[in-house]
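# Topology and contacts: notes
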There are 2 protein chains.
Amino acid sequence: MELTERKKQILKIVVDSYIETAEPMGSKAIVERMPGKISSATVRNELADLTDMGYLEQPHTSAGRIPSPKGYRLYVNELMERKSLSAEETEAINRSLSGKMAGMDEVISRAGQMVSSFVGYPTYTVADHRSAATVRRFELIGVDSGSFIAVVMLSDSRVKSQLMALDLPVEQGHLPELSHLLNTHFAGIGAAEMNAHLMNLSDQVDGNWFLLLNRVVEYAGELLRQSEQQEVFTNGASQLLKFPEYRDVDKAHDLMSFMVDNKENLPVPSGDAPMQILIGPENVNDALKESSVVIASYDIGDNMRGLVGVVGPTRMDYATVAARLSYFAESLSAMFGKKNQLPPKEEEE
Amino acid sequence: MELTERKKQILKIVVDSYIETAEPMGSKAIVERMPGKISSATVRNELADLTDMGYLEQPHTSAGRIPSPKGYRLYVNELMERKSLSAEETEAINRSLSGKMAGMDEVISRAGQMVSSFVGYPTYTVADHRSAATVRRFELIGVDSGSFIAVVMLSDSRVKSQLMALDLPVEQGHLPELSHLLNTHFAGIGAAEMNAHLMNLSDQVDGNWFLLLNRVVEYAGELLRQSEQQEVFTNGASQLLKFPEYRDVDKAHDLMSFMVDNKENLPVPSGDAPMQILIGPENVNDALKESSVVIASYDIGDNMRGLVGVVGPTRMDYATVAARLSYFAESLSAMFGKKNQLPPKEEEE
DNA sequence: GTTAGCACTCCGGGAAAAGGAGTGCTAAAT
DNA sequence: ATTTAGCACTCCTTTTCCCGGAGTGCTAAC
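Reading the values: the criteria
- Residues numbered from 1 in each chain as written.
- Chains lettered and ligands numbered in written order.
- Predicted model: local features only at pLDDT ≥ 70, side-chain atom pairs only at ≥ 80, totals over all residues.
- Heavy atoms only, no water.
- Helix = DSSP H or I, 4+ residues; strand = E, 2+ residues; numbered from the N terminus.
- Rg over C-alpha atoms; globule rule 2.2 N^0.38 Å.
- Buried < 20%, exposed > 50% of the residue type's maximum accessible area, 1.4 Å probe, protein only.
- Near = heavy atom within 4 Å.
- Polar contact = N/O pair within 3.5 Å; in protein donor to acceptor, adjacent residues only side chain to side chain.
- Pairing = 2+ DSSP bridges.
- Axes fitted to C-alpha atoms, helices over the stretch in contact; angles between N-to-C directions.
- Expected span 1.5 Å × (residues − 1).
- Arc of directions from axis to C-beta.
- Contact = heavy atoms within 4.5 Å.
- Buried area = accessible area lost by both parts, 1.4 Å probe.
- Salt bridge = Lys/Arg side-chain N within 4 Å of Asp/Glu carboxyl O.
- Nonpolar A, V, L, I, M, F, W, Y, C, P; charged D, E, K, R; others polar.
- Parallel < 35°, antiparallel > 145°, perpendicular 65-115°, else oblique.
- Phe/Tyr/Trp six-rings, centres within 6.5 Å; stacked < 30°, edge-to-face > 60°.
- Lys NZ or Arg CZ within 6 Å of the ring centre and 35° of its normal.

### A word on the overall build of chain A
A tally of helices and strands in chain A yields 11 helices and 10 strands. Relative to the globule expectation of 20 Å for 349 residues, the C-alpha radius of gyration of chain A, 27 Å, shows a markedly less compact shape. The C-alpha extent of chain A, read off along each of the three principal axes, is 90 × 40 × 35 Å. Counting all 349 residues of chain A, 53% fall into the buried class.

This is the structure:
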């Protein structure tokens, strides 16, 4: 059977309507939205065909039609109108992006929140380190006789620091030497190798020094492990409750706790496409089989990519989500990808 | 009318039962739990009295009784058994606390998660700065000709740092001098005064230097404003869905989105008590009128207190929550309050 | 003060009935 | 060959009604 233009037109009407109302659509309602004159009986024939072909489904014998995953897929690939954002929308997104963000860490964690409130669905974010992070530079700053600040600059240009105190006296004069030691032995290597190097040093340096070095290296190792860990953050899970498909508290609870407790299993993009849409059963994970996910990634320089995913019912408003999400991703890429690792210079306020 | 011992005993049974089952309790069921022999008719008389006195309520004429907020209040103040934790429970809590936590920031944000998973209710956390934060020390570290690291140590011992790049050349040799300038002019003062001081400097120092200083001071100011902002974090909101009182999706949604969008209005402790319980209508906020909140605070040194609140239905298991929460708060205080501002030294793993 | 007995209330669940939206099919029209 | 009108039929949804049970409040006796 052939997928005529008219069939596509009808399919699009059904999907658009179902996305909006979450109600099955019948032949009469379709006629009203069709251009030209056509009878409901004709539409019914077309609907029967579309159902045979697998693009539509019938909740029960005498109900209207709703889109099947296959129907959504066709809709997303061919039928849906690529929306462009209105001036107000781009303006609003720009405004939310222009707020103060102290560093990339914050960008990543905030991006999810911002996207979630803009698209009206829950989101999740991941910082994707293309290559394993290493320490680019150590620096020790003396504070007083018992404590010092360890500053660690990572290969992805993040800088982390922490006050450290030791029970033994920290001789300020030696800190530059110790920094140098750290930089020569522990810069540019992975967390795993650090421990080995540390062992080697254990009998080469003074015991007190070793304790201090050990402490700093442990801290650095922790940072590296953290960044390899690809922590996932979720935002706005409660937005799910707005949708009738999650009026069933158990369904809502299942998905929400999946998003919280099983974050690691949320999908990540498989190809290189800037945006990816996974519809219902296309998701490998059971908990997502009745939901859809839209994933976009953005560049934040230094071999890092941010990833933000939008989760919603299969009846998600793909056109709007895709438009907003891609604008977001592009804006973020523009802000961070270009001027490598620099925070945005904000003029306003 | 007088509140006899027997009335209290009955009240306690009703509250205990209702907390467990969420079902109204009738006179027969009460008799089964009463020691000694007593008839259901007698219990009914007592129930009628307790209802008159406002400690119990009747969902409808021919249903059993449920506790009123006043009943919960009495229960919490006098009746409930102060539970002590089992060895397994303290062990589990200790284990969760012993994990790596890189700094106080992380402690605060993790505490909420840990408590939430331990008590089985959603939580929120606030970092409460007793006194306004200031910068204790600035330090600039040269990286290359165009960039440097700004390290800012705050009065609460947090250390923050960020890589900064400027369009103008950063002369490494001048950084110590600039650090000194920052420390003499901007240490120990609030964010507001910083701007004034900056103005004064604008014509005293070289233009390029000023740009650099400006950048660092702006960063520091942002950090100070952030810490004054008392950001609230919420955790585990989805746990609400477990409770029958939130099977009504709208109620769940109301409370959940309140916890997310109106975080700032979540209650903070009013007195000095280590723990505070707000029951139903005792909450000023409408969204919480049918829920209860248990708040505890813990000491994390340097004039800072962490605050963690547990949110649940009025039928919350106060005894267990209070026991676990106070153990948590005490443990955290012990870890951080004592050895001022130091991260826990973890031996294991 | 306590208890047995009893009439009464009201909720909750299940069955039956009514209503309605929508379909599929047939046969006629284009 | 496609489109259309007509109609019987299906099945969901809502409403109504009925019944059983849990629990109460009251009265009268202990």
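### Focus: the protein's contact with DNA strand D
As a structural note, the neighbourhood of DNA strand D is formed by 20 residues, with S39, T42, T61 and S62 of chain A together with S27 of chain B the closest of them. Restricting attention to atoms of DNA strand D within 4 Å of the protein, one finds that 79% of them are sugar or phosphate atoms. Between DNA strand D and R44 of chain A, the relevant distance is 3.3 Å, taken from a base oxygen to a side-chain nitrogen or oxygen of the residue. Interatomic distance of 3.0 Å between a side-chain N/O atom of S62 of chain A and a base oxygen of DNA strand D. Sorting elements by how many residues they give to the surface near DNA strand D places helix α3 (residues 40-52) of chain A first, with four residues.

### Some remarks on the sheet that holds strand β9 (residues 291-299) of chain A
All names here are of chain A. One open sheet accounts for five strands, arranged β7-β3-β10-β9-β8; its pairing is antiparallel. On the outer flanks of this sheet lie β7 (232-235) and β8 (275-278), each paired with one strand and no other. Neighbour-to-neighbour, the strand axes of this sheet turn through a mean angle of 20°, independent of strand direction. With four bridges connecting them, strand β3 (residues 123-129) and β7 associate as antiparallel partners. Counterpart to V126 in the pairing with β7 is V232.

### Section: the protein's contact with DNA strand C
Surrounding DNA strand C, one finds 20 residues, the nearest of these being S27 of chain A together with T42, H60, T61 and S62 of chain B. Close to the protein, within 4 Å, the atoms of DNA strand C are drawn from sugar and phosphate at a rate of 79%. Backbone polar atom of S62 of chain A to a sugar or linking oxygen of DNA strand C: 3.4 Å apart, as the coordinates give it. Here S39 of chain B contributes a backbone N or O atom positioned 3.0 Å from a phosphate oxygen of DNA strand C. Of all the secondary structure elements, the ones that give two or more residues to the surface near DNA strand C are α3 of chain A together with α3 (40-52) of chain B.

### A short note on helix α5 (residues 87-98) of chain A
Residue and element names in this part refer to chain A. Along its 12 residues, α5 runs 16 Å from first to last C-alpha, staying within 8% of the 16 Å computed at 1.5 Å per residue. All of the buried residues along α5 are T90, A92, I93 and L97. Looking down the long axis of α5, one finds its buried residues gathered within 160° of arc, a one-sided arrangement. In α5, those exposed residues whose orientation departs by more than 90 degrees from the buried face are A87, E88 and R95.

### Thoughts on the interface of chain A and chain B
Often, the extent of an interface is quoted as the loss of accessible area upon association of its parts. With 41 residues of chain A at the contact, the number on the chain B side is 42 residues. For the chain A and chain B pair, buried surface summed over both sides reaches about 3,600 Å², with 59% attributable to carbon and sulfur atoms. Three residues, L163, L241 and V249 of chain A, lead the burial of chain A against chain B; their summed loss comes to 16% of the area buried on that side. On inspection of chain A and its partner chain B, the count reaches four salt bridges. Residue D250 of chain B pairs with R247 of chain A through a salt bridge whose shortest N-O separation is 3.4 Å. Where chain A packs against chain B, one counts eight residue pairs in polar contact (both at pLDDT 80 or more). If you list the elements that add at least two residues to the side of chain A that touches chain B, you get α6 (104-119), β4 (135-144), β5 (147-154), β6 (159-165), α9 (207-228) and α10 (249-261) of chain A. The residue inventory of the side of chain A that touches chain B, partitioned by class, reads 17 nonpolar, 10 polar and 14 charged.

### Focus on the packing of helix α1 (residues 5-21) of chain B against α3 of chain B
All names here are of chain B. At a minimum axis separation of 10 Å, α1 and α3 run at an interaxial angle of 85°. Classified by the angle their axes make, α1 and α3 are roughly perpendicular. On α3, the residues touching R6, K7, I10, L11 and V14 of α1 are T42, V43, E46, L47, D49 and L50. The class makeup of the residues in the contact of α1 with α3 is six nonpolar, one polar and four charged.

### A closer look at α1 of chain B
Residue and element names in this part refer to chain B. Here α1 is 17 residues long and its end C-alpha atoms lie 24 Å apart, about the 24 Å a rise of 1.5 Å per residue gives. Where α1 is concerned, the buried positions are K7, K8, I10, L11, K12, I13, V14, V15, S17, Y18 and I19. After α1 finishes, the residue A22 shows a positive phi value of roughly 65°.

### Let's talk about the sheet that holds β4 of chain A
Residue and element names in this part refer to chain A. Across the sheet, which stays open at both edges, the three strands sit in the order β4-β5-β6 with antiparallel pairing between neighbours. Pairing within the sheet leaves two strands with one partner each, and these edge strands are β4 and β6. Within the sheet, the average angular offset between the axes of one strand and its neighbour, ignoring direction, is 20°. Relative to β6, β5 runs antiparallel, the two being bridged by seven bridges. In the strand pairing of β6, M153 is matched with V159. Strands in contact with helix α7 (residues 175-186) are β4 and β5; relative to β4, the strand with the most contacts, it is inclined by about 160°.

### Some details on the pattern of salt bridges
All names here are of chain A. Enumeration according to the criterion identifies 35 salt bridges over all chains in this entry. Ionic pairing is found between E282 and R73, a salt bridge with its closest N-O pair at 2.6 Å. One end of the pair, E282, is in the loop between β8 and β9; the other, R73, is in helix α4 (residues 69-79), and 209 residues separate them in sequence. Note that E91 is salt-bridged to R95, the shortest N-O span being 3.6 Å. Separated by four residues within a single helix, E91 and R95 lie in helix α5, roughly one turn from each other. Taking relative accessible area as the criterion, E91 reaches 39% and is therefore assigned partly exposed.

### Focus: the packing of aromatic side chains
All names here are of chain A. Counted according to the given criterion, the structure contains six aromatic pairs over all chains. Taking 5.0 Å as the distance between ring centres and 10° as the angle between the ring planes, the aromatic pair formed by Y121 and F243 counts as stacked. Within this pair, whereas Y121 is found in the loop between α6 and β3, its partner F243 is found in the loop between β7 and α10, the two being separated by 122 residues in sequence. A single burial state applies to Y121 and to F243, both of which are buried. Sitting over the ring of Y55, K70 keeps its end group 4.6 Å from the ring centre.

### Quick word on unusual backbone geometry
Unlike most non-glycine residues, S157 of chain A shows phi in positive territory, near 75°. By secondary structure assignment, the location of S157 of chain A is in the loop between β5 and β6.

### A short note on the pairing of strand β9 (residues 291-299) of chain B
Every other side chain in a regular strand lies on the same face of the sheet, so the side chains alternate between the two faces. Residue and element names in this part refer to chain B. Among the nine residues that make up β9, eight are buried, leaving the element largely enclosed by the rest of the structure. Pairing of strand β8 (residues 275-279) with β9, which is carried by five bridges, proceeds in the antiparallel orientation. Residue pairing in the sheet places I279 in a bridge with S292 of β9. Note that β9 and strand β10 (residues 304-313) share nine bridges and pair antiparallel. Residue S292 lies in a different strand from β10, and its bridge partner there is G312.

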